[in-house]
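Architecture at a glance
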Amino acid sequence: MKTLQRWVSRRGALPLTCYLVAAALWLVLGAVHWSSDALARSAGTLYEADIPVADWKLAGLQDNGSTADTALLTTTDGDPQMILEDVSDMVVRTLSYTVAFEGDAREMCLYYTTKIGEDYSQDRRVFPQALGEGRYLYTLPRTSIVALRLDPCSPDENKTVGLTFAPGTISLNAPETLPAVWQYFVPSWYQAFCLVLYPALAAAALSWLRAVWCALRRKTA
């Protein structure tokens, strides 16, 4: 205990300790995520699946002459949806597809549910990363996924949008969209910001608490 007190009393030791603890926790979290995905692969639940557009339940969309290699859809209202009702038998980390829009797509998002019979909610949705050349990637949170609802576009009032999926499939867990081993340990820009901010705030709070504790001890001495 005395050794710890001497260490904390050194100039800059408290912020350094908070940053070291945060770095250690981040590495542990990365290792947990990597091992979780490795176990899912070995169990056969984390695998690539190319789901034909024809296998998705369509709402607010009509088939406009799809072929075996290309899915051609046209919106029929302002809230088009593509629903995959049951993916509970697999671990879903990413969803990706290639699409060309005829018209303004506006908002694109992917909803997910974590329980059977659960309603879709804005609290459980993700937005895509545009990879270029009409390729879009959605990265889902690390939770149990039961069902998916893709809202591929949001047409303006009294307007339609044409969608051409080529190939006519939507990919779950495409290999190129999953992280390599080293990527489990590299934070995103937002995560890096948090790793800088929160240890500093924790150090400031602990420093204040230590000052209060020392003041109280002097008063009671």
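In this numbering scheme, every chain counts its residues from 1 along its sequence in written order. Predicted model: local features are reported for residues with pLDDT of at least 70 only, side-chain atom pairs are reported and counted for 80 or more only, and whole-chain, interface and lining totals are derived from all residues. The side-chain figures draw on all heavy atoms in the structure; neither hydrogens nor water molecules are used.

Considering the overall build of the protein
Only DSSP runs of H or I with at least four residues qualify as helices, and only runs of E with at least two residues qualify as strands; both kinds are numbered from the N terminus onward. Along its length, the protein carries three helices and 13 strands. Restricting the calculation to C-alpha atoms gives the radius of gyration, and the globule rule supplies 2.2 Å times the number of residues raised to the power 0.38. The C-alpha radius of gyration of the protein comes to 24 Å, more than 25% above the 17 Å expected for a compact globule of 221 residues. Counting only C-alpha atoms and orienting by the principal axes, one finds that the protein spans roughly 85 × 45 × 35 Å. Counting across all 221 residues of the protein, residues that qualify as buried make up 32%. The contact definition used throughout considers only heavy atoms, calling two residues in contact when any of these lie within 4.5 Å. A separation of at least 24 residues holds for 76% of the contacts in the protein among residues at least 6 apart in sequence. Surface accessibility follows the Shrake-Rupley procedure with a 1.4 Å probe radius. Residue values consider only the protein chains on display as shielding. Put simply, the protein shows about 13700 Å² of open surface, and 59% of that area lies on carbon and sulfur atoms. His is not counted, nor are the chain ends; Lys and Arg add positive charge and Asp and Glu add negative charge. A single reference atom marks each charge: NZ on Lys, CZ on Arg, CG on Asp, CD on Glu. In the protein, the 19 positive side-chain charges and the 22 negative ones have mean positions that sit 29 Å from each other. Three exposure classes are used, based on accessible area relative to the maximum for each residue type with a 1.4 Å probe and protein chains only: buried under 20%, partly exposed in between, and exposed over 50%.

Notes on the UniProt feature "transmembrane region" (unreviewed entry) in the protein
UniProt positions are given in the numbering used here, feature names are shortened, and annotations may be inferred rather than shown by experiment. Under the UniProt annotation, the feature "transmembrane region" (unreviewed entry) is placed at residues 12-34 and 189-209. What you have in residues 12-34 is 96% helix and 0% strand, and the ends, taken at the C-alpha atoms, are 33 Å apart. Helix makes up 100% of residues 189-209 and strand 0%, and the two end C-alpha atoms of the span are 31 Å apart.

With respect to unusual backbone geometry
Trans peptide bonds make up most of the peptide bonds, and negative phi angles are found at most residues other than glycine. The omega torsion across Ala-166 and Pro-167 is 0 degrees, close enough to zero to call that bond cis. Mapped onto the fold, Pro-167 is located in the loop between strand 12 (162-165) and strand 13 (169-172). A positive phi angle, close to 55 degrees, is found at Arg-106, a residue other than glycine. Positionally, Arg-106 belongs in the loop between strand 6 (94-102) and strand 7 (109-113). By relative accessible area, Arg-106 is classed as partly exposed at 45%. Look at Glu-133: it is not a glycine, yet its phi comes out positive at around 55 degrees. Among the secondary structure elements, Glu-133 is positioned in the loop between strand 9 (129-132) and strand 10 (135-139). Residue Glu-133 is classed as exposed on the basis of its relative accessible area, which comes to 83%.

Observations regarding the packing of aromatic side chains
To describe a pair of aromatic rings, you give the distance between the ring centres and the angle between the ring planes. Two aromatic rings, drawn from Phe, Tyr or Trp (for Trp, its six-membered ring), form a pair once their centres lie within 6.5 Å of each other, and the interplanar angle then sorts them: stacked below 30 degrees, edge-to-face above 60, tilted otherwise. In this structure the tally under the stated criterion is four aromatic pairs. Grouping aromatic residues by their ring pairs yields a cluster made of Tyr-97, Phe-101, Tyr-136, Tyr-138 and Phe-165. Here, a charge over a ring is recorded when the distance from Lys NZ or Arg CZ to the ring centre is within 6 Å and its angle to the ring normal is within 35 degrees. It is Arg-149 that lies over the ring of Tyr-111; its NZ or CZ is 4.3 Å from the centre. The residue whose ring lies beneath Arg-149 is Tyr-120, and the NZ or CZ to ring-centre distance is 5.3 Å.

With respect to the pairing of strand 1 (residues 49-52)
Only one face of strand 1 is covered, namely the face carrying Ala-49 and Ile-51; the face carrying Asp-50 and Pro-52 is uncovered. Being paired, for any two strands, means DSSP has found at least two bridges between them. Relative to strand 13, strand 1 is paired through four bridges, and the arrangement is antiparallel. Along strand 13, the bridge assignment pairs Pro-52 with Thr-169.

Quick look at the sheet that holds strand 7
Through backbone hydrogen bonds, the strands of a sheet pair up, either in parallel or in antiparallel fashion. A sheet is described by the order of its strands in space; here five strands give the open sequence 2-5-11-7-8, paired in antiparallel fashion. Lying at the two open borders of the sheet, with one neighbouring strand each, are strand 2 (57-59) and strand 8 (125-126). In terms of strand pairing, strand 5 (residues 81-84) meets strand 11 (residues 147-151) through three bridges, oriented antiparallel. The residue of strand 11 that forms the bridge with Leu-84 is Leu-148.

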